[in-house]
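Understanding the architecture of this molecule
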Amino acid sequence: MEAVILILTLLFVAFMALGVYAGVKAVRAAKRGVDRTITQARRSVEDTTLRAKSYGQPGVPGELAQLRLSLRTSMRATQDALNAGAREDASLSESLGLFQRLSAHGQELDNDLKRLEREPDRATVATLLPGLKERTERITHAAESLRWAARDRARQFAEDDLAALGAQIDLEAGALRHWTTDEPNTSRSEAAGHNWTAPADKQTPPSLTPPDPRLRTGHPWQKSAKPETTN
């Protein structure tokens, strides 16, 4: 009896621990989702504000906003391209490392531009604009080089795979079209000795037998059974 109680107690404790673990994991996942949503919303608001400043404010404030917007757009596009490509191509890990180093310079420049936006001495800020533009162009050019190199690599792999797939399909299509076989060594007497002939209206080469429609499978983008309506 004591053994049964001990076993039940251990099971209860194990289920409680499992429930607590699952709850903590769910809370952390929800927190990450909320943080991600807040970050994206804050980023969208800041980008919208910078875009409005770059077009609506002339002079130094507009130029600073334009530099920040160009920098952030280029860095974000490169980050998305590298992260998406690294999931399928492990060789991009080194490119991600280089981009992390470049991101540190980009973040430093973005902070400098943000501080200069609140600087009341516009004349001094105007003298700094040429150097800020040069830094921005160097960072965005490096980011664009990484981004387009990753895209060119992915496109080349896709073209190579498509070429290999086309060659295989052509080979298979040629094999499927050879539904007749010549047998010169088989005489009519040998053919007459076997019951291979069938009525003329029922003779169908085996390889020409239409496939069972129930065995057909389609790609996810295949049209559904419901007909499309046209306007």
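What you are looking at is a predicted structure, and each value in this text was computed from that prediction instead of being measured.

On a plain count of helices and strands, the protein comes out with five helices and zero strands. Traced from its N-terminal end to its C-terminal end, the protein shows the element sequence α-α-α-α-α. Looking at the protein residue by residue over its 231 residues, the buried ones come to 18%. Within the protein, contacts between residues at least 6 apart in sequence are counted, and of these 71% link residues at least 24 apart. When the accessible surface of the protein is split by element, carbon and sulfur atoms take 59% of a total near 18,500 Å².

In this section: helix α4 (residues 122-176). Along its 55 residues, α4 runs 76 Å from first to last C-alpha, staying within 8% of the 81 Å computed at 1.5 Å per residue. Most pronounced at L128, the bend in α4 amounts to some 40°, and the proline P130 follows within four residues. The inward-facing, buried residues of α4 abut α2 (60-86) and α3 (93-117).

Bringing the environment of E119 into the picture now. One can find E119 in the loop between α3 and α4. Linking E119 and P61, residues 58 residues apart in sequence, is a C-alpha distance of 9.7 Å.

On the surface, V4, I7, L8, L11, F15, L18 and Y21 cluster together into a nonpolar patch covering about 760 Å² of accessible area. Within the secondary structure layout, F15 lies in helix α1 (residues 2-56).

Further remarks concern the side chain of T140. Mapped onto the secondary structure, T140 falls in helix α4. Judged by relative accessible area, which is 10%, T140 ranks as buried. The residues touching T140, leaving out its near neighbours within four places in the chain, are S70, L71 and S74.

Its 25 residues give α3 an end-to-end C-alpha distance of 36 Å, which sits within 8% of 36 Å, the value for a rise of 1.5 Å per residue. Of the positions making up α3, those classed as buried are S95, L96, F99, L102, G106, L109, D110, D112, L113, L116 and E117.

Across the protein, pLDDT averages 75, with 67% of residues at or above 70. Residue range residues 204-208 is modelled with pLDDT below 50. Its contacts to residues more than four positions away, or to other chains, number three contacts. Contacts for the low-pLDDT stretch residues 213-225, under 50 throughout, to residues beyond four places or in other chains number three contacts.

As a further point, take the environment of R147. Position of R147 among the secondary structure elements: in helix α4. Here S74 takes part through its backbone oxygen, which lies 3.3 Å from a polar atom of the side chain of R147.

On to the nonpolar core, then. Core analysis: the largest hydrophobic core is formed by 20 residues, its most contacted members being L64, M75, L109, L113, L129, L132 and I139. Those elements giving two or more residues to this core turn out to be α2, α3 and α4. Counting residues per element, this core draws most heavily on α4, which supplies seven residues. Once residues lying within four places of it in the same chain are set aside, the contact partners of L109 are L71, L132, R135, T136 and I139.

Let's shift gears to the pattern of salt bridges. A full pass over the atoms with the stated rule returns seven salt bridges. With a shortest N-O distance of 3.3 Å, D112 and R135 are connected by a salt bridge. Of this pair, D112 sits in helix α3 while R135 sits in helix α4, placing them 23 residues apart in sequence. Residue R135 is classed as partly exposed on the basis of its relative accessible area of 31%. Residues joined in a network through salt bridges with shared partners are R68, R72, D110 and E117.

Calculation notes
- Residues numbered from 1 in each chain as written.
- Predicted model: local features only at pLDDT ≥ 70, side-chain atom pairs only at ≥ 80, totals over all residues.
- Heavy atoms only, no water.
- Helix = DSSP H or I, 4+ residues; strand = E, 2+ residues; numbered from the N terminus.
- Buried < 20%, exposed > 50% of the residue type's maximum accessible area, 1.4 Å probe, protein only.
- Contact = heavy atoms within 4.5 Å.
- Areas by Shrake-Rupley, 256 points an atom, 1.4 Å probe, with all protein chains shown as cover.
- Expected span 1.5 Å × (residues − 1).
- Bend = angle between axes of the 7 residues up to and from the residue.
- Patch = residues over 30% accessible without salt bridge, like charges linked within 9 Å, V, L, I, M, F, W, Y side chains within 5 Å.
- Salt bridge = Lys/Arg side-chain N within 4 Å of Asp/Glu carboxyl O.
- pLDDT = per-residue confidence, 0-100.
- Polar contact = N/O pair within 3.5 Å; in protein donor to acceptor, adjacent residues only side chain to side chain.
- Core = buried A, V, L, I, M, F, W, Y, C linked by side-chain atoms within 4.5 Å.

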